[in-house]
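Close look at the chain arrangement
Listed below, chain by chain, are the residues.
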Amino acid sequence: MTAPDTPRLAPLGHLGGDRAASERTLPDLLAEARAQEGAKALVLVGDRAPLAAGDRLAWISPDQAPEGGEWAFLGRDDSGAPLLLCAFPGDAEEAVAAAAGWSSLRASGGALTPHDAARFVEALSLGRWLLDAPFCSFCGTRAHILDGGWSRRCPGCGRTHFPRTDPAVIVAVTHPDDSDLLLLGSNAAWARERYSCFAGFVEAGESLESAVVREVAEEAGVRPRSVRYHGSQAWPYPRSLMLGFFAEADDAVAARADGEEIADVRWFSRDEIGAALDRGGEMILPGPASIAHMLITDWFEERA
């Protein structure tokens, strides 16, 4: 199995357009962007956004947004009009009309256009930070929002804070002797028929490759070799950057669940994976918005 020359992008790994980062330091950016003709805002309630259709977000004029949200500058669309975020906590009312209802990134990200999927993950990642981290992590003082929502300055100790991103590896493990077998695990918190790739956060002072070896060994009992990077995407649950890998198990017989986080591990045939992707089998795979789905699909299609 050989890697493609140009691996396809993960479902939420596409470029959403111009983030216009150079404008973030402009004075009164948010106020001026909200007042600019053609400006559009995306309202988020928790991790849910309004949909205009199954594959498109419902953007509104900033003056139509409910009061009390946290605002941020997301960049500009292809016409140069400002794109803004108006974020509310998860228990707020869904006060914006949506022709196709409201949906989470986890549920709908895989069905959105690449542009809207990228903007959704950008908005949700930034919005969660704005709502969840209002205080200085050093002295506890409420910090002031700067740079169009992309930083905070603490008036107490003067420190500047930025949105946090936690790197995590996710690994599809292949069989050392049979290219038609893939090792997947079932998390103890899931239904018994749900399986996915192995994943975990990168620890302090650890390389990505070391994290792959450690996580797979801990969760599945096998030591991976031939570790190969495949792609990445942000996953704001709560603030991860998922880095996808393929690796080959050194000893297929050694595969076993850790009994704590992972309840079961199994070698699945290509036919079983194909049936699950078609939703015709008993096994449930990760949803299409996840990088795990891409890793499994690419293995099934022999792209990896």
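If you're wondering where the values come from, they're calculated on a predicted model, not measured in any experiment. (Residues numbered from 1 in each chain as written. Predicted model: local features only at pLDDT ≥ 70, side-chain atom pairs only at ≥ 80, totals over all residues. Heavy atoms only, no water.)

This part covers the packing of helix α5 (residues 270–277) against helix α6 (residues 291–300). Where α5 contacts α6, the axes come no closer than 10 Å and their chain directions differ by 130°. Judged on the interaxial angle alone, α6 and α5 are oblique. With respect to the hand of their crossing, α5 and α6 are arranged in left-handed fashion. For the pair formed by α5 and α6, the contact residues are Arg270, Ile273, Gly274 and Leu277 on the first element and His293, Ile296, Thr297, Trp299 and Phe300 on the second. Of the residues that constitute the contact of α5 with α6, the class distribution is five nonpolar, three polar and one charged. (Axes fitted to C-alpha atoms, helices over the stretch in contact; angles between N-to-C directions. Helix = DSSP H or I, 4+ residues; strand = E, 2+ residues; numbered from the N terminus. Parallel < 35°, antiparallel > 145°, perpendicular 65-115°, else oblique. Left-handed = near helix turned anticlockwise from the far one by under 90°. Contact = heavy atoms within 4.5 Å. Nonpolar A, V, L, I, M, F, W, Y, C, P; charged D, E, K, R; others polar.)

Within the fold, His175 resides in the loop between β10 (166–174) and β11 (181–187). For His175, a relative accessible area of 14% puts it in the buried group. Separated by 3.1 Å, the side chain of His175 and the backbone nitrogen of Asp178 make a polar contact. The residues contacting His175, other than those within four sequence positions of it, are Leu181, Glu248, Ala252 and Trp267. (Buried < 20%, exposed > 50% of the residue type's maximum accessible area, 1.4 Å probe, protein only. Polar contact = N/O pair within 3.5 Å; in protein donor to acceptor, adjacent residues only side chain to side chain.)

Now for the nonpolar core. In this structure, Leu85 and Leu184 are the most contacted members of the largest nonpolar core, which totals 47 residues. Looking at which element gives the most residues to this core, the answer is helix α3 (residues 114–132), with eight residues. Here Leu184 is in contact with Tyr195, Ser196, Cys197, Phe198, Asp264, Val265, Arg266, Phe268, Ile273, Met283, Leu285 and Ile296, once residues within four sequence places are set aside. Membership of the second largest hydrophobic core comes to 17 residues, among which are Val222, Phe245, Ala249 and Val265. (Core = buried A, V, L, I, M, F, W, Y, C linked by side-chain atoms within 4.5 Å.)

This next bit is on the pairing of strand β5 (residues 82–88). Buried residues dominate β5, accounting for seven of its seven residues. Alternating residues of β5 divide into Pro82, Leu84, Cys86 and Phe88 and Leu83, Leu85 and Ala87, and every residue in both groups is buried. Relative to β5, strand β1 (residues 40–45) runs parallel, the two sharing six bridges. Each bridged residue has a counterpart across the sheet, and for Ala41 the counterpart in β5 is Leu84. In this sheet, β5 lies alongside strand β4 (residues 70–76) in antiparallel orientation, the contact comprising six bridges. (Pairing = 2+ DSSP bridges.)

Structurally, the position occupied by Arg214 is in helix α4 (residues 208–220). The exposure class assigned to Arg214 is buried, which follows from its relative accessible area of 16%. Between the C-alpha atom of Arg214 and that of Ile284, which follows or precedes it by 70 residues, the distance is 26 Å. Here Arg214 is in contact with Phe201, Val202, Glu203 and Glu206, once residues within four sequence places are set aside. At a separation of 3.0 Å, a polar atom in the side chain of Arg214 contacts the side chain of Glu215.

Below, the discussion takes up the sheet that holds strand β7 (residues 144–146). Pairing is antiparallel across the open sheet formed by three strands, whose spatial order is β7-β8-β9. The outermost strands of the open sheet, each flanked by one partner alone, are β7 and β9 (160–161). Judged from the three bridges that link them, β7 and strand β8 (residues 151–153) form a sheet pairing that is antiparallel. Note that in β8 the partner of Leu146 across the bridge is Ser151.

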